[in-house]
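Below are the chains, spelled out letter by letter.
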Amino acid sequence: MNICVIGAGYVGLITALCFGKKENKVICVEKDLNKLKMLKNGTPTIFEEGLDELLKESLRVASVQFTEDFELGIKSSDIIFIAVGTPTNDNWDVDIAQVDEVINLISPYIDKYKVIVTKSTVPVGTQKYIKIKFLENQVPKGNFDVVSNPEFLREGKAIYDFFYGDKIVIGCDSLKAEETMKKLYEPFNIKMVLTNPETAELIKYTSNALLSVKISFMNEIANLCNKVGADIDVIAYALGLDKRISPLFLKAGIGYGGSCFPKDTKALVKISENYNCDLDILRATVNVNEKQRVLPVIILKEYYKEVEDKVVAILGLTFKPDTDDIREAPSLYIIEELLKSKVNVKAYDPMVTKEIKNIFPDITYSYDMYECLADSDAVIICTEWSEFYNIDLFKAQELMRESVIIDGRNILDKAKIKEANIKAYYSIGKGNIRN
Ligand code: UGA
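Note that the structure is predicted; figures quoted are calculated from it, not measured.

The next point concerns the pairing of strand S13 (residues 404-407). Side chains Val404 and Ile406 of S13 all project onto a buried face; the interleaved residues Ile405 and Asp407 project onto the opposite face, where all are buried too. Pairing of strand S12 (residues 378-381) with S13, which is carried by 3 bridges, proceeds in the parallel orientation. Pairing of isoleucine 381 across the sheet is with aspartate 407, part of S13. In the sheet, S13 pairs with strand S14 (residues 424-426) via 3 bridges, with the strands oriented parallel. Counterpart to isoleucine 405 in the pairing with S14 is tyrosine 425. As for the winding sense of the linkage, the β-α-β connection from S13 through helix H19 (residues 414-419) to S14 is right-handed.

Take a look at the structure:
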């Protein structure tokens with residue numbers, strides 16, 4: 001099929017390349033000329049498992065073409081995916097300005113029947129809104145249908161998820177569009193949920209919201225574990241044996257981050273408010289997460305009472321391992337709090353990016369985990385990068401001025417902590433050790 005994907009961000013790029021792999025002809029339209037140049041040269045613009053190979057192969061077999069030319073993209077395609085950013089404002093409203101811009105740009109080129117699909121996460125009601133906008137832009141009624149087809153791709157595993165996901169959700173109000181979408185997705189052999197647009201739009205938010213609820217709930221229970229002497233990992237294991245609960249997304253820590261959960265939970269709270277239908281559980285989930293992500297600073301202050309001029313090492317800056325994404329990472333909030341309290345911050349991340357240096361230009365960036373630990377009064381583990389699991393605790397104890405470890409991701413073994421004579425160890429729901 002002939003497909004156009006608008007936006008070569010994380011969702012758009014993966015969508016374009018993965019459809020290209022299934023014998024479709026894809027044109028990916030991107031207005032950022034730097035990004036475009038990189039993609040045309042086969043250079044990945046994001047860090048994603050398998051992307052480098054897939055991009056190079058797509059260019060070699062010419063299954064995907066990158067261009068800034070909207071007219072070419074729209075006129076040559078039967079299906080058009082909108083995959084542009086939909087950030088939330090400070091007041092938690094979703095900003096669909098980029099979707100609006102795309103509608104206006106593509107309207108003049110919808111010269112015959114085309115299916116327009118929203119891949120971006122958009123508020124409930126956006127499908128209806130886009131239909132009205134097209135009509136206002138004089139696009140003939142019979143020339144288009146608008147479909148909601150949300151994505152469920154995890155960063156780092158997005159290509160795998162595209163080919164082997166659990167579900168494809170298609171929200172349509174036209175049989176013709178539904179048939180087109182079914183034909184497009186048939187080769188993937190993934191269960192399809194066919195429904196109306198509002199339901200599809202709400203499935204996306206509910207999915208991210210429910211996973212966030214699971215995490216925040218386990219984080220609260222973890223905090224209780226530390227008070228009563230219980231072990232959160234054993235609780236998670238036991239709960240996970242119950243098929244009704246599932247073992248996934250029960251891992252306690254210093255909260256969820258990234259470009260999706262924090263944004264989508266807040267957006268859904270706001271959407272519900274707009275309909276006078278409060279989502280109290282979700283609101284609490286957001287609050288719990290906001291508290292949880294700065295918990296290490298509270299622990300540090302309880303330990304030291306006075307933290308000014310202390311040196312604190314941060315291990316891990318990204319919101320999760322195996323990504324270079326720092327958006328909404330707990331590390332950002334922790335560093336901000338530490339700096340407010342005049343703590344000297346050192347940080348190390350295996351993939352540390354330029355962006356974080358722009359946010360915190362005055363902290364010390366280390367290029368090695370041990371260099372980061374040297375002469376520090378405490379370390380906070382913010383991201384569970386695999387290299388941190390194997391940290392040599394004897395070496396850490398020698399290097400640190402005070403071996404105080406706050407393990408925000410519960411990755412260290414308490415028996416080894418004791419063996420290495422670490423001065424203090426704090427976990428999230430697995431008990432603490434003070435020597
Ligand atoms: C998430 C969803 O998992 C995808 O299905 C969805 O498509 C995507 O958002 C999106 O809306 O685009 P992603 O943001 O890549 O994907 O990250 P996850 O792997 O889901 O992790 C999110 C956060 O939850 C991370 O900060 C992670 O550390 C945290 N987390 C996850 C926990 O704290 N505990 C867990 O048990 C699992």
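Take the packing of helix H11 (residues 261-274) against helix H12 (residues 280-292) next. Two numbers describe how H11 lies on H12: the axes approach to 9 Å, and their chain directions differ by 145 degrees. Read as a crossing pair, H11 and H12 show a hand that is left-handed. Counting all contacts with H11, which are made through Thr265, Lys266, Leu268, Val269 and Glu273, the residues of H12 involved are Leu282, Arg283, Val286 and Glu290. Taken together, the residues of the contact of H11 with H12 sort by class into 4 nonpolar, 1 polar and 4 charged.

On to the domain arrangement of the protein chain. Segmentation of the protein chain into domains returns domain 1 (2-195), domain 2 (204-291) and domain 3 (293-434). The distance between the C-alpha centroids of domain 1 and domain 3 comes to 39 Å. Taken together, the contact pairs 4 residues of domain 1 with 8 residues of domain 3. Taking both partners together, domain 1 and domain 3 bury about 490 Å²; carbon and sulfur atoms supply 48% of that area. For the pair domain 1 and domain 3, the number of links is 1 salt bridge. Put simply, glutamate 155 and arginine 327 hold a salt bridge, and the shortest N to O gap is 3.7 Å. One can count 2 residue pairs in polar contact (both at pLDDT 80 or more) joining domain 1 with domain 3. Broken down by class, the residue content of the side of domain 1 that touches domain 3 amounts to 1 nonpolar, 1 polar and 2 charged.

Rules used in this analysis
Once a new chain begins, its residue numbering starts again from 1 and follows that chain's sequence as written. Per-residue local features are limited, in this predicted model, to residues with pLDDT of at least 70; the limit for side-chain atom pairs, both in listing and counting, is 80 or more; totals at the level of whole chains, interfaces and linings are taken over all residues. Just so you know, side-chain values use all the structure's heavy atoms and leave hydrogens and water out. Accessible area is worked out with a 1.4 Å probe on protein chains only. A residue is then buried under 20% of its type maximum, exposed over 50%, and partly exposed in between. Labels follow the DSSP assignment, with helices taken as runs of H or I lasting at least four residues and strands as runs of E lasting at least two, numbered in each case from the N terminus. Pairing between two strands requires that DSSP report at least two bridges joining them. Looking down the strands as they point away from the viewer, one classifies a crossover as right-handed if the path from the first strand across the helix to the second runs clockwise. Axis lines are fitted through C-alpha atoms, for helices just across the contact stretch, and the angle between N-to-C directions can take any value from 0 to 180 degrees. Should the near helix be turned anticlockwise from the far one by less than a right angle, the crossing is left-handed, and should it be turned clockwise, the crossing is right-handed. Contact definition: two residues touch when any of their heavy atoms are within 4.5 Å. Each residue gets one label: Ala, Val, Leu, Ile, Met, Phe, Trp, Tyr, Cys and Pro are nonpolar, Asp, Glu, Lys and Arg are charged, and the others, such as Gly, are polar. Segmentation of the chain into domains, including their bounds, is taken from an automatic or database domain assignment. Defined here as a combined quantity, buried area equals the accessible surface (1.4 Å probe) lost by two parts on assembly, summed across both. The salt bridge criterion pairs a side-chain nitrogen of Lys or Arg with a carboxyl oxygen of Asp or Glu, the two atoms within 4 Å. By the criterion applied in these results, polar contacts are pairs of N or O atoms within 3.5 Å in which, for protein atoms, one can donate a hydrogen and the other can accept it, and in which residues neighboring in sequence qualify only through two side-chain atoms.

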